[in-house]
Amino acid sequence: MNTNLTVAIVGVGLIGGSLALEFKHRLGIKKVYGIDKDPQNLRKALELGLVDEAVSLDRGVRDSDLIVLSVPVDALPQLALEVLDMVDNQVVIDVGSTKVTLIKAIKNHPRRKRFVATHPMAGTEYSGPKAAMIGLFTGKKVLVVDAQDTDRDALSFVKEIYRAIGMNISYIDSDSHDLHAAYVSHISHISSFVLALTVLDKEQDENNILDMAGGGFRSTVRLANSAASMWTPIFLQNRDNMLDVLDAYIDNMLAFRQAIASGNKKDLNILIHRANMIYEILNITQPNILTTKTLSHEWKE
Ligand code: NAP
């Protein structure tokens, strides 16, 4: 891959900062510019060596081959239009978690075809430049959305970059993207937020939470640390799909409530067995840490 490139990252947080690290340290790209509305985040990104130089949006767009938009989804449509207004033949990508609103906003822009909408399916519950990490994208999937609406050379360039940082590419249209993102990713976050809220409501004493918080609780509540600045706009932009999946979620909650209230063992078993199927789909196998020998040894004791 040609590494004699300049890349501008707009939004030097978790995703933008992690991409910057990959570009600089894995691919050896010549120059990575950082642009952010938050001067503190920009300073931190420089201090951490995520980017080479902090520049204005105008300069970043003018002097770069690739412009990466990595800001919350409510800021993306306006930013994308602003950047496309300044673009000549450069390539622009976004990494946002919703696509329909953004793609509608840029639909009629004369340079729409220089824009490639993408969603790397990788992240953590942390945000800001300090959360950036190398290796975040390795072996993960990236969705290229409405690929038919982009120039061929822009698409090939973006595919080459994502492959070079170890990602596997899949294609999807924007409506399906937002629907399935709601059904799998966005509902997981609501579920974790609701779990945290419920425990906080019910347990007044923090010590009880600490005493009871084993691995199961910690892993289930992990996403509740995610930032409101990122998730509030996602839920609101993906409103109809969120309402649809929330209704299904509430129905399942009520089914558990009903089975427990009526002491219906059979219904509870059915619900749990149906839920267990997700492990097969994700191809997760039970960790085999204890050998038969150590197991029988422990049983004897
Ligand atoms: P983040 O860590 O909060 O970083 C976003 C950065 O953009 C912050 O420094 C923020 O400043 C800045 N910013 C906000 N509005 C801006 C604007 N108009 N112009 C320039 N900078 C602006 O967020 P992130 O987790 O990296 O998410 C970035 C994008 O990636 C989002 O669209 C998100 O949907 C998508 N995404 C996230 C994940 C994930 O797991 N986090 C995964 C895949 C995709 P302030 O902090 O001052 O607001």
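What counts, and where the lines are drawn
- Residues numbered from 1 in each chain as written.
- Predicted model: local features only at pLDDT ≥ 70, side-chain atom pairs only at ≥ 80, totals over all residues.
- Heavy atoms only, no water.
- Helix = DSSP H or I, 4+ residues; strand = E, 2+ residues; numbered from the N terminus.
- Buried < 20%, exposed > 50% of the residue type's maximum accessible area, 1.4 Å probe, protein only.
- Contact = heavy atoms within 4.5 Å.
- Lys, Arg positive; Asp, Glu negative; His and termini not counted.
- Charge placed at Lys NZ, Arg CZ, Asp CG, Glu CD.
- Domains from an automatic or database assignment.
- Buried area = accessible area lost by both parts, 1.4 Å probe.
- Salt bridge = Lys/Arg side-chain N within 4 Å of Asp/Glu carboxyl O.
- Polar contact = N/O pair within 3.5 Å; in protein donor to acceptor, adjacent residues only side chain to side chain.
- Nonpolar A, V, L, I, M, F, W, Y, C, P; charged D, E, K, R; others polar.
- Near = heavy atom within 4 Å.
- Phe/Tyr/Trp six-rings, centres within 6.5 Å; stacked < 30°, edge-to-face > 60°.
- Pairing = 2+ DSSP bridges.
- Axes fitted to C-alpha atoms, helices over the stretch in contact; angles between N-to-C directions.
- Parallel < 35°, antiparallel > 145°, perpendicular 65-115°, else oblique.
- Left-handed = near helix turned anticlockwise from the far one by under 90°.

1. Some points on the overall build of the protein
Within the protein, the regular secondary structure consists of 13 helices and eight strands. Projected onto its principal axes, the C-alpha coordinates of the protein cover approximately 70 × 45 × 40 Å. Out of the 301 residues in the protein, the part that is buried amounts to 41%. Contacts spanning at least 24 positions in sequence make up 73% of the contacts within the protein whose residues lie at least 6 apart. When the 32 positive and 36 negative side-chain charges of the protein are each reduced to one mean point, those points stand 4 Å apart.

2. Brief notes about the domain arrangement of the protein
When the parts of a complex come together, some accessible area is lost, and that lost area is often taken as the interface size. Assigned domains of the protein: these are domain 1 (6–172) and domain 2 (178–282). Taking the mean C-alpha position of each, domain 1 and domain 2 sit 31 Å from one another. In this assembly, 12 residues from domain 1 lie in contact with 14 residues from domain 2. Per-residue buried area on domain 1 facing domain 2 is highest for S97, T98 and E125; these three make up 46% of the total on that side. A salt bridge links R222 to E125, with the nearest nitrogen and oxygen atoms 2.7 Å apart. At the boundary of domain 1 with domain 2, the tally comes to six residue pairs in polar contact (both at pLDDT 80 or more). For the side of domain 1 that touches domain 2, the residue count by class is five nonpolar, four polar and three charged.

3. Points about the site of the ligand
Taken together, the neighbourhood of the ligand is formed by 26 residues, with D36, N41, V71, S97 and G128 sitting nearest. Contact between the ligand and G128: an oxygen atom at 2.7 Å from a main-chain N or O atom of the residue. Only helix 1 (14–26), strand 6 (115–120) and helix 10 (228–237) provide two or more residues apiece to the shell around the ligand. When its residues are assigned to classes, the shell around the ligand shows 12 nonpolar, 11 polar and three charged.

4. Notes on the packing of aromatic side chains
Counted under the stated rule, the structure contains two aromatic pairs. Measuring from centroid to centroid gives 5.6 Å for W231 and F235, while their planes differ by 40°, and the two rings are tilted. Note that W231 and F235 are positioned in helix 10 at a spacing of four residues, about one turn of the helix. The burial state of W231 is the same as that of F235; both residues are buried. A connected cluster of aromatic rings, assembled from ring pairs, spans F193, W231 and F235.

5. A short note on the sheet that holds strand 2 (residues 31–35)
Here eight strands make up an open sheet; going across it, the order is 3-2-1-4-5-6-7-8 and the pairing mixed. The open sheet has two edge strands with one neighbour each: strand 3 (53–54) and strand 8 (168–172). Bridging between strand 1 (residues 6–10) and strand 4 (residues 66–69) involves four bridges; their strand directions are parallel. Opposite V10, over in strand 4, you have L69 as the bridge partner.

6. Examining the packing of helix 11 (residues 239–261) against helix 12 (residues 265–281)
For the pair helix 11 and helix 12, the least separation of the axes is 8 Å and the interaxial angle reads 150°. Regarding the angle of helix 11 to helix 12, the classification is roughly antiparallel. For the pair helix 11 and helix 12, the crossing hand works out as left-handed. Residue-level inspection shows A255, F256, A259 and I260 of helix 11 in contact with helix 12, the latter providing D267, L268, L271 and I272. Residue composition of the contact of helix 11 with helix 12, by class: seven nonpolar, no polar and one charged.

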